[in-house]
Amino acid sequence: MPSTAYDNEPRIRVDLHIHTCFSVDGTSTSEEVITAVLRRGLSAIAITDHGTIEGAQAVQRAAPFPVIVGEEISTTNGEVIGLFLSEQVPEGLTPRDTVDRIHAQGGVVYVPHPFDVMRRSAIAEDALWSILDQIDVVEVLNARVLWPPHNDRARSFAEEHRLLSGAGSDAHTPQEIGQAYVEMPPFEDRQSFLHGLASGSIGGSLSWPHVHLFSTLRRAQKPKYCK
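Residues numbered from 1 in each chain as written. Predicted model: local features only at pLDDT ≥ 70, side-chain atom pairs only at ≥ 80, totals over all residues. Heavy atoms only, no water.

## Digging into the overall build of the chain
Part 1 of the argument: Within the chain, the regular secondary structure consists of eight helices and nine strands.
Part 2 of the argument: Over its C-alpha trace the chain gives a radius of gyration of 16 Å, about what one expects of a compact globule, namely 17 Å for 227 residues.
Part 3 of the argument: Each of the three principal axes of the chain carries a C-alpha extent, and together these read 55 × 40 × 35 Å.
Part 4 of the argument: With 19 positive and 29 negative side-chain charges, the chain shows a separation of 7 Å between the mean positions of the two kinds. (Helix = DSSP H or I, 4+ residues; strand = E, 2+ residues; numbered from the N terminus. Rg over C-alpha atoms; globule rule 2.2 N^0.38 Å. Lys, Arg positive; Asp, Glu negative; His and termini not counted. Charge placed at Lys NZ, Arg CZ, Asp CG, Glu CD.)

Shown next as structure tokens:
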């Protein structure tokens, strides 16, 4: 196989979809996230809590590795993630208004689990088409997807429309962090991230279905330990 310009570049592993206990459905404290990232051999992560960037900022302040500040945003027609955010994006806007808000602050539009029909929060297909020209990255491996063909369809969609591919654990507990990731060159900002992602490769696998039950049970105890 002929060599490419990327063969000799260093590569890092990045989990692009992690929730903390600042998220309504997350349970991991900042300390637990950092410990799990170091244990799993990741070099960078994105924190993508629902409706807030507080958890991402908290981890970013404490972590000895790069942390992308993100937010998983509920639109009027499903969820969209913004990465490299400096301000929280309000929920309840249309998909088009949401992606415009993300790009207005120099962020990256990342579409999570787009074809997972088993989760009501996934973006509707007509909404996906309505923002096609504004999508930067499609999540082609979400470790919490229960039916693998839903990830396969996302991968096919990204390839068909020549969109960048991303992957994330969608971790709601520390044990899930790093279950899915992208191997890519190191990056410093939005531009170098997108450039590096173009030569990235997807790694990891689906989480065991029991993680859904475990996170539900752990969430019931969250007020006792989450700060």
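## Observations regarding the nonpolar core
Part 1 of the argument: Ranked by internal contacts, the top residues of the largest apolar core, which has 38 residues, are Ile-45, Ile-47, Val-59, Val-138 and Ile-177.
Part 2 of the argument: The element contributing the most residues to this core is helix 1 (residues 30–40), with four residues.
Part 3 of the argument: Ignoring sequence-local partners within four residues, the contact set of Ile-177 consists of Asp-15, Ile-18, Val-33, Ala-36, Val-37, Arg-40, Leu-42, Ser-169 and Ala-171.
Part 4 of the argument: If you look at the next biggest cluster of nonpolar residues, it comprises 22 residues, including Leu-83, Val-137, Ala-180 and Leu-194. (Core = buried A, V, L, I, M, F, W, Y, C linked by side-chain atoms within 4.5 Å. Buried < 20%, exposed > 50% of the residue type's maximum accessible area, 1.4 Å probe, protein only. Contact = heavy atoms within 4.5 Å.)

## Quick word on the sheet that holds strand 6 (residues 137–142)
Part 1 of the argument: If you walk across this open sheet you meet the nine strands as 7-6-5-4-3-2-1-8-9, and the pairing is mixed. Only two strands of the sheet have a single partner each, and these edge strands are strand 7 (164–168) and strand 9 (201–204). Taking the axes of each pair of neighbouring strands and ignoring which way they run, one obtains an average angle of 30° across the sheet.
Part 2 of the argument: Two elements, strand 6 and strand 7, share five bridges in a ladder whose sense is parallel. Across the sheet, Leu-141 pairs through a bridge with Ala-167, a residue of strand 7.
Part 3 of the argument: In the packing of helix 2 (residues 54–62) onto the sheet, contacts are made with strand 2 (44–50) and strand 3 (67–75), and the angle to strand 3 comes to roughly 175°.
Part 4 of the argument: Across the face of the sheet, helix 5 (residues 148–160) comes into contact with strand 6, strand 7 and strand 9 while running at roughly 155° to strand 6. (Pairing = 2+ DSSP bridges. Axes fitted to C-alpha atoms, helices over the stretch in contact; angles between N-to-C directions.)

## Focus on helix 3 (residues 95–104)
Part 1 of the argument: If you check which residues of helix 3 are buried, you get Pro-95, Thr-98, Val-99 and Ile-102. The buried residues of helix 3 occupy an angular sector of 90° when the element is viewed end-on, so they sit on one face.
Part 2 of the argument: Backbone geometry just downstream of helix 3 places Gly-106 in the positive-phi region, at approximately 80°. (Arc of directions from axis to C-beta.)

## Some thoughts on the side chain of Thr-20
Part 1 of the argument: Mapped onto the elements, Thr-20 comes out in the loop between strand 1 (12–18) and helix 1.
Part 2 of the argument: Of note is the side chain of Thr-20, whose polar atom sits 3.1 Å from the backbone nitrogen of Phe-22.
Part 3 of the argument: Residues within four places of Thr-20 in sequence aside, it is in contact with Gly-26, Thr-27, Ser-28, Val-33, Ile-47, Asp-49, Gly-55 and Val-59. (Polar contact = N/O pair within 3.5 Å; in protein donor to acceptor, adjacent residues only side chain to side chain.)

## A look at the side chain of Gln-179
Part 1 of the argument: Relative to the helices and strands, Gln-179 is located in the loop between strand 7 and strand 8 (180–184).
Part 2 of the argument: At 2.9 Å, the side chain of Gln-179 and the side chain of Ser-205 are in polar contact.
Part 3 of the argument: Once residues within four sequence positions are removed from consideration, Gln-179 is found in contact with Asp-15, Arg-40, Ala-143, Ser-169, Gly-203, Gly-204, Ser-205, Leu-206 and Ser-207.

## Regarding the environment of Leu-141
Part 1 of the argument: In this structure, Leu-141 sits in strand 6.
Part 2 of the argument: Relative accessible area serves as the criterion here: at 10%, Leu-141 is assigned to the buried category.
Part 3 of the argument: Along the primary structure Leu-141 and Asp-170 are separated by 29 residues, whereas in three dimensions their C-alpha atoms are 9.8 Å apart.
Part 4 of the argument: In contact with Leu-141, other than residues within four places in its own chain, are Asn-151, Gly-166, Ala-167, Gly-168, Ala-180, Ile-202, Gly-203, Gly-204, Ser-205 and Leu-206.

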